[in-house]
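Spelled out, the chains give:
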Amino acid sequence: MYFLALESSCDETAAAVFTEDRVVLSNVVASQNELHTQFGGVVPEIAARAHLRNLLPVIDEALRQANITIHQVNCIAVHHTPGLVGALLITVTAAKMLSVVLDVPLIALNHIQSHIYACRMSAEKEIFPCVGLVVSGGHTAIFDCASPLQMSLLGSTRDDAAGEAFDKVAAILEIGFPGGPKLEKIAKAGNPHAFSFPRAFLKENRIEFSFSGLKTAVLYEVKGQKNAATTPPEMTTQRRADVAASFQQAVVDVLVAKSRQALHLTGYPRLAVGGGVIANQTLRTALKVMTSDENCELFIPPMSLCTDNAAMAALAVEKYHVGDFAPLDLDAKPNFL
Ligand code: KG4
Ligand code: ZN
């Protein structure tokens, strides 16, 4: 049995074909990075139009790589929440249309939950029950994942997502977009203790994040404050590296502390992580140290399943087995469900 899954929640147009046994036959992603670079961030209208242009070629390529025709597809899966509404609508509409035309069931998925499920796909064994941490450009959230179909939100960010904070601080440091990988690179030469940036809710006993204060603290350190008595020192290569390293350390400290809290709260011995920010080596190392300290297993999928993709929508297989199908009036929902 073949599943065709579609993804267009932000700036990646993706299609994947997988089987009932979660064997991924193709995982095609068309990135729009060049389109948004000049604006320093994703422009929703441009993203939606590019999805429209890219979707059919991406589906064609996914079918070609899987060596099947569209008529062999037995089920359509789509991420319908959360994301940019104009972007989500492209694949939600296409998925509904394919479901009608091919006369196959439609399955609707939460993109964030699929990010966690990506860990199950690369693991050789069961990962549930686990704590799920999703750290991407759009989301920072921790879930209690009792089972693949029972993932409940423990807490998320009040404002910016972790990846968004990386991108905005990279813009302040004028090192380009997307900021995460560039910032990590220059942080290697910096001192993570050079600046003491804020770590929101670090000592508090609740699972919640906020990165806007951290971003503002970096802004003041780099550009200074209006009417301040002193102006900030000149931005040297070393100072830039120190700011980057200190910022990165603040984000990592908070993500690790909240993941640890969630492991204590749930009592689960496993942490599953997804989203583009887990490409960050400092974060990976810190999570490895923390989970080994807590006697817990850590699951991180390969990067092709961490960044936005449609193969992680193999969560649809779990929904298929319990007959959890979506109606044809399925809507795109920008906000977290
Ligand atoms: O999951 P993803 O590909 O797309 C979203 O759904 O947002 O994540 C992209 C985010 C961007 O904000 C990017 O700056 C960040 O992940 N990112 C990183 C690194 N690589 C990508 N952040 C920190 N360190 C990295 N090495
Ligand atoms: Zn994502």
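Look up: the structure comes first, before these words.
Caption draft 1: Structural detail: the state of the cysteines. The final tally for this structure, using the stated rule, is zero disulfides. C306 provides the cysteine sulfur closest to C10, a residue in no disulfide bond, and the two sulfurs are 16 Å apart. For the unlinked cysteine C119, the closest cysteine sulfur is that of C306, found at 6.9 Å. By relative accessible area, which is 1% here, C119 ends up buried.

Caption draft 2: Focus on the environment of T236. Among the secondary structure elements, T236 is positioned in the loop between α7 (212-223) and α8 (237-266). According to the relative accessible area criterion, T236 is partly exposed, its value standing at 37%. Each C-alpha atom, one on T236 and one on G163, is 25 Å from the other, the two residues being 73 residues apart in sequence.

Caption draft 3: Representation of the pattern of salt bridges. On inspection of all chains with the given rule, the structure shows 18 salt bridges. A salt bridge links R22 to E318; its shortest N-O distance comes to 3.5 Å. Of this pair, R22 sits in the loop between β2 (12-19) and β3 (24-31) while E318 sits in helix α11 (residues 315-321), and the two are 296 residues apart along the sequence. With a relative accessible area of 24%, R22 lands in the partly exposed category. Through salt bridges with shared partners, a single ionic network connects R158, E204, R206 and E208.

Criteria and cut-off values
Residues numbered from 1 in each chain as written. Chains lettered and ligands numbered in written order. Predicted model: local features only at pLDDT ≥ 70, side-chain atom pairs only at ≥ 80, totals over all residues. Heavy atoms only, no water. Disulfide = S-S within 2.5 Å. Buried < 20%, exposed > 50% of the residue type's maximum accessible area, 1.4 Å probe, protein only. Helix = DSSP H or I, 4+ residues; strand = E, 2+ residues; numbered from the N terminus. Salt bridge = Lys/Arg side-chain N within 4 Å of Asp/Glu carboxyl O.

The values are spatial; any link to function lies outside them.
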